[in-house]
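Below are the chains, spelled out letter by letter.
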Amino acid sequence: MREKPSDNQKRIMISPQPARGVGGGFIEHDLPEILPGQPSSAESGGNSFEIDPRPALRANVRRRIFSAPKEDSFDPNIISAEVETGADLENEKTKPISVAAAFVKKAPITPAPDGTQGEAGPAQMVLDGFEDDGKTREIHRAETHAQETEIERSLKQSRREKARDFSIEQESLPYTRDMPQPPDSDIFQISNQNRRAAYRHLSALRKRLGLKLAVNAGIGLALLLLAVVFSASGGFSGNYMLFVFLNFILLLGSIAFSYNEISQGFAALKKRRPGLETGILFLWIAALVQNVAFFSQPSVVAGLHLFNAAAVLLTLPSFAAKYLAVHGALKQANLAAAGETIALAARIPDKNAACEMGRGVVEGEPLIQYNAKTLSLNNFIDNALKQAPSAKICGFLIPACVGVSLLAGIIVFAKEKDLYAAVTALTSMLCAVLPSSVTLSMVYSLFSKNRALEKEKSGIITYDAAAALSGSNCVILSAEELFSSENCNVHGIVPYNKMRLDDAIVYTAAMLLKSKGPLSSLFLNVIEERKDILPPVESLVYEDKLGLSAWIEDKKVLVGTLDHLRHHNVKLPANDFFSKHCVFGRKPLFLAVEGILAAMFVVSYHCDDAVARELKTLTNGGVTLLVHASDPNITEEFVEDALELKRNTVKVMNQKTSEYYKLFRDKTTATHEAENFHRGSALSLLRLMNASSDIVAEKHAAAAAAVIACLLGFVFVSVFVFSKEGLTKIGSPQLVLYHLFWGIVSLLVPRVIAFIPKK
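Residues numbered from 1 in each chain as written. Predicted model: local features only at pLDDT ≥ 70, side-chain atom pairs only at ≥ 80, totals over all residues. Heavy atoms only, no water.

**Remarks on the overall build of the protein**
Alright, step 1. Broken down by element type, the protein carries 24 helices and 18 strands.
Alright, step 2. By residue count, 51% of the 759 residues in the protein fall in the buried class.
Alright, step 3. By sequence separation, contacts in the protein at least 24 residues apart represent 79% of the contacts at least 6 residues apart.
Alright, step 4. If you sum the accessible surface of the protein, you get close to 36,100 Å²; carbon and sulfur atoms cover 57% of it. (Helix = DSSP H or I, 4+ residues; strand = E, 2+ residues; numbered from the N terminus. Buried < 20%, exposed > 50% of the residue type's maximum accessible area, 1.4 Å probe, protein only. Contact = heavy atoms within 4.5 Å. Areas by Shrake-Rupley, 256 points an atom, 1.4 Å probe, with all protein chains shown as cover.)

Here you go:
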């Protein structure tokens, strides 16, 4: 049975709606930013900030002048009624003010010790005709009082007529499941000018690499088949020269198609930064030396083996890695779409601001990631095709491999006194220990993660960006990104002190829409998006973890928690009067008008399951979540409980640090280095950071696999190469199978790492 309402309290319960039954989307925060050095209207120790309530293009503003300001009260700014009603501005009693003057902050007049009005402060705006004493002001006010009263009465009557048709049904709120979703405005684009040129360039490069990969694969398979047929036919019936000549011609053909890799290998060697191309260059040189040596005595191939097939086939992983990198860049370029801005994950560039935001949150320097905006991305193609991080590990593996191979050749020559055996030992050892698959493994890791991010229209362009994202220890998200209006709900409204339900909803909606919190779009749906029925909100102030206060129709209105109402001396019933309504994680939101409790809203906040999962993974890895909020119900404990996060992993920023954050968030840079991109949502940012952590972990695993493969290759070949009889038992087929096995292992490393659960 329902509880019977008392005489002085009318209780209206509204049937709960599904959490996802409310349409909505991303909220754009349009509160004015406070620049460094600009005077702020902060109150009570900087825990609140003032928001100028006047619209942007209102050219006529009038200020109501009081004889003496009241203690602990606001001096509201009155919007000119003539603007609202279209009154005649030629009236000599109405003073037009310029648009620039409409945005000038006005300070209250300081009372003199004798109780009269003092002089205007330095921040006070004084208009012509109002610079005389208080008696003149009173005369002017008396002359215009009747006219202003009549105009204000007509305004209120017009607003009431608009709101008369607005009503709330008792059984259901005016929700709809088919609310139109906002278009994705923060989709990645290279730029409208060079997008097609970049696409054509990448397409041509992919074709060339595809042709090079196909030709070398064909030559390598032909050489491998030639070696198998030669062994099976007993040496081409003794025609050894034909076999050596065919191997030599096919090897030259492969080298001719790989002139870019040869030049890159020489350039890296000249810079003393050897990479995989340098190892391939040494491998080709060793194979050519062996072919030239065998030309002088072709019959030695009856006992020893040519390693041309292995030398050519071991270049394929390097070509495949380059092809995959270009193909991935081309797919990212295809994500480009029309749009004014590009969203990306960036780090707070100002160290002082970052230290202020992360004070008491993390140890050491705070490395904070946030959603940034830019108009263009520089060096997209160069960064997308930048050398993989395998260059670092190849920097010490390649010299070691070449040195071990030379040592093997010297040992065999000293032992056997046979130049052919020494050259064969050198070439076979280099084929065995060359880390041919390490680059392909790392490139494939980045490619596979970007393929998973395509559904979010996101991507990681460079390995440096992945390292920067994975090395961050903080991430900033706003409360409306965590708890969007489509996941929030109003479960009931309890009016008090004979407050009209419609007025309570309109007042609360006006305050929340002005503050742009997670409930703003929800209340916009409640009033059926009729913003014309909302009264103007003046001097809006948010107090940390307490609530909102403002002036509406010359009334002091409060929206927030019980502590907020107590802070403003609002008389409240017993402390447990709302507990029976707030169950299942629901939260109360109180409305007070003119110091009197007016209504209580029972609301709920829900985070998207995908966002909660990504945040849980991220915070388990040591990242702290910083929350920018203007809703008093959004606290550290509530966010941790709602998202099932560990304790002390969430910090709600105060208003001072929130202003720092908004300076960066609301800024759109002209250009930014191409490192990553996403669609601007919280989910895409979190997935970028988690994917970056996986890429870094897989890079280390691939490097470890390359080192193990080199060591085992050395052990495997050492059993055969240090004797002339052993050299006859190892050839290109065995070495190709060995590298094929380790290539598969290296490509499976990312998949294995992805399935390992994070603690």
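**Looking at the packing of aromatic side chains**
Alright, step 1. On inspection of all chains with the given rule, the structure shows twelve aromatic pairs.
Alright, step 2. Arranged with centres 6.3 Å apart and planes meeting at 65°, the rings of phenylalanine 230 and tyrosine 240 form a pair that is edge-to-face. Placement of phenylalanine 230 in helix H3 (residues 195–232) and of tyrosine 240 in helix H4 (residues 240–256) is noted, with a sequence separation of ten residues between them.
Alright, step 3. With relative accessibility at 8%, the residue phenylalanine 230 sits in the buried group.
Alright, step 4. For tyrosine 240, a relative accessible area of 22% translates into the label partly exposed. (Phe/Tyr/Trp six-rings, centres within 6.5 Å; stacked < 30°, edge-to-face > 60°.)

**Description of the environment of glycine 471**
Alright, step 1. Along the polypeptide, glycine 471 turns up in the loop between helix H14 (463–470) and strand S7 (474–478).
Alright, step 2. Sequence-wise, glycine 471 and valine 623 are 152 residues apart; in three dimensions their C-alpha atoms are separated by 9.2 Å.
Alright, step 3. Ignoring anything within four residues of it in the chain, the contact list for glycine 471 reads Arg347 and Leu367.

**Some points on the confidence of the model for the protein**
Alright, step 1. With 72% of its residues at a pLDDT of at least 70, the protein reaches an overall mean of 75.
Alright, step 2. With pLDDT under 50 throughout, residues 1–137 is counted as low confidence; its partners more than four residues away or in other chains account for 242 contacts.
Alright, step 3. Taken together, the stretch residues 166–190 has pLDDT below 50 and engages in 88 contacts with residues farther than four places along the chain or on a different chain. (pLDDT = per-residue confidence, 0-100.)

**Focus: the packing of helix H5 (residues 259–270) against helix H6 (residues 276–296)**
Alright, step 1. Running from N to C, H5 and H6 cross one another at 110°; their axes reach a closest spacing of 8 Å. By the criterion of interaxial angle, the relationship of H5 to H6 is roughly perpendicular. In this structure, H5 meets H6 at a crossing whose hand is left-handed. From H5, Glu261, Ile262, Gln264, Gly265, Phe266, Ala268 and Leu269 reach across to H6, where they touch Glu277, Thr278, Leu281, Phe282 and Trp284.
Alright, step 2. For the contact of H5 with H6, the class distribution of residues is seven nonpolar, three polar and two charged. (Axes fitted to C-alpha atoms, helices over the stretch in contact; angles between N-to-C directions. Parallel < 35°, antiparallel > 145°, perpendicular 65-115°, else oblique. Left-handed = near helix turned anticlockwise from the far one by under 90°. Nonpolar A, V, L, I, M, F, W, Y, C, P; charged D, E, K, R; others polar.)

**Topic: the pairing of S7**
Alright, step 1. In terms of burial, S7 is largely enclosed, as five of its five residues are buried.
Alright, step 2. Alternating residues of S7 divide into Cys474, Ile476 and Ser478 and Val475 and Leu477, and every residue in both groups is buried.
Alright, step 3. Judged from the two bridges that link them, strand S4 (residues 368–374) and S7 form a sheet pairing that is parallel. Bridge pairing in S7 places isoleucine 368 opposite cysteine 474. (Pairing = 2+ DSSP bridges.)

**Considering the nonpolar core**
Alright, step 1. Residues Leu482, Phe483, Leu591 and Phe601 are the most contacted members of the largest nonpolar core, which totals 142 residues.
Alright, step 2. The element best represented in this core is helix H22 (residues 682–721), accounting for 14 residues.
Alright, step 3. Filtering out sequence-adjacent residues up to four positions away, leucine 591 remains in contact with Ala504, Tyr507, Thr508, Val557, Leu558, Val559, Ile596, Leu597, Ala598, Ala599 and Phe601. (Core = buried A, V, L, I, M, F, W, Y, C linked by side-chain atoms within 4.5 Å.)

**Quick look at the pattern of salt bridges**
Two side chains that carry opposite charge are able to pair once their charged atoms sit near each other.
Alright, step 1. Scanning all chains against the criterion turns up 18 salt bridges.
Alright, step 2. Note that arginine 687 and glutamate 456 form a salt bridge whose closest N and O atoms lie 2.8 Å from each other. Here the residue arginine 687 occupies a position in helix H22, and glutamate 456 occupies one in the loop between helix H13 (438–453) and strand S6 (459–460), the gap between them amounting to 231 residues.
Alright, step 3. Exposure remark for glutamate 456: the relative accessible area of 7% places this residue in the buried category. (Salt bridge = Lys/Arg side-chain N within 4 Å of Asp/Glu carboxyl O.)

**Some thoughts on the packing of helix H19 (residues 609–620) against H22**
Each packed pair of helices is defined by two parameters, the angle between the axes and the distance between the axes.
Alright, step 1. Running from amino to carboxyl end, H19 crosses H22 at an angle of 35°, the nearest separation of the two axes being 9 Å. Where H19 crosses over H22, the two elements pack in a sense that is left-handed. Contacts between H19 and H22 pair Ala610, Val611, Glu614, Leu615, Thr617 and Leu618 from the former with Leu683, Leu686, Arg687, Met689 and Asn690 from the latter.
Alright, step 2. Looking at the contact of H19 with H22 residue by residue, the classes come out as seven nonpolar, two polar and two charged.

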